[in-house]
Amino acid sequence: SNVIVVDYNAPNHLRASVYPQPASQTLFIEIARIDQSEPIKVHIMDNQGKISDLLLVGPEEYLIEYDLSNLKSGLHFLRIEQNNQVYFSKFIVAR
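Residues numbered from 1 in each chain as written. Predicted model: local features only at pLDDT ≥ 70, side-chain atom pairs only at ≥ 80, totals over all residues. Heavy atoms only, no water.

**With respect to the side chain of aspartate 46**
Phase 1: Mapped onto the fold, aspartate 46 is located in strand β3 (residues 40-46).
Phase 2: Here aspartate 46 occupies a buried position and makes no salt bridge, while the nearest side chain of opposite charge, lysine 50, is found at 5.5 Å.
Phase 3: Looking at aspartate 46, its side chain comes within polar contact range of the main-chain nitrogen of glutamine 48, at 2.9 Å.
Phase 4: Within the structure, the side chain of aspartate 46 is placed 2.9 Å from the backbone nitrogen of lysine 50, a separation counted as a polar contact. (Helix = DSSP H or I, 4+ residues; strand = E, 2+ residues; numbered from the N terminus. Buried < 20%, exposed > 50% of the residue type's maximum accessible area, 1.4 Å probe, protein only. Lys, Arg positive; Asp, Glu negative; His and termini not counted. Salt bridge = Lys/Arg side-chain N within 4 Å of Asp/Glu carboxyl O. Polar contact = N/O pair within 3.5 Å; in protein donor to acceptor, adjacent residues only side chain to side chain.)

Structural data, given as structure tokens:
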């Protein structure tokens, strides 16, 4: 079986800050990337794990402004991937 270990203190791992919490109109996703040459995939999922949106982030981007108008109020999840590294986060949409 595959085991994913997430170490939030490791300086050489993919990480992100997600704010504000809760969010109403715009969510900011600030990515601390370790590889400037590879794009990043950001999956936005509802509380059931269904993918609501997929963002492909270019190597030069580090701050994403995501419009929440198409998401329902409630708990949502982010899955951020780059070079076999995965970072998970959650956020709440409150209107």
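**Comments concerning the pattern of salt bridges**
Phase 1: Within this structure, the stated rule accounts for one salt bridge.
Phase 2: Of the charged contacts, one joins arginine 79 and glutamate 81 as a salt bridge, the two residues approaching to 2.8 Å between their closest N and O atoms.
Phase 3: Of the residues examined, glutamate 81 reaches a relative accessible area of 23% and is grouped as partly exposed.

**Observations concerning the nonpolar core**
Phase 1: Counting residues in each nonpolar core, the largest one holds 21 residues, and the members touching the most others are Val42 and Phe91.
Phase 2: Secondary-structure elements contributing two or more residues to this core are β1 (15-19), β2 (26-32), β3, β4 (51-57), β5 (63-67), β6 (74-82) and β7 (85-93).
Phase 3: The contact partners of valine 42, leaving out residues within four places of it in the chain, are Ile29, Ile31, Asp53, Leu54, Leu55, Val57, Ile64, Leu78, Arg79 and Ile80. (Core = buried A, V, L, I, M, F, W, Y, C linked by side-chain atoms within 4.5 Å. Contact = heavy atoms within 4.5 Å.)

**Some remarks on the environment of leucine 71**
Phase 1: With respect to the secondary-structure elements, leucine 71 resides in the loop between β5 and β6.
Phase 2: Overall, the relative accessible area of 7% leaves leucine 71 in the buried class.
Phase 3: For the pair leucine 71 and valine 93, spaced 22 residues apart in the sequence, the C-alpha separation amounts to 7.5 Å.
Phase 4: Discounting residues that sit within four places of it in the chain, leucine 71 has contacts with Ile44, Ser52, Tyr66, His76, Phe91, Val93 and Arg95.

**Here's the deal with the sheet that holds β2**
Phase 1: Reading across the sheet, the three strands line up as β1-β2-β5 and stay open at both edges, with antiparallel pairing between neighbours. Every other strand in the sheet has two partners, leaving β1 and β5 as the edge strands with one partner each. When strand polarity is set aside, the average angle formed by the axes of neighbouring strands in this sheet is 20°.
Phase 2: Relative to β2, β1 is paired through five bridges, and the arrangement is antiparallel. The residue of β2 that forms the bridge with valine 18 is isoleucine 29. (Pairing = 2+ DSSP bridges. Axes fitted to C-alpha atoms, helices over the stretch in contact; angles between N-to-C directions.)

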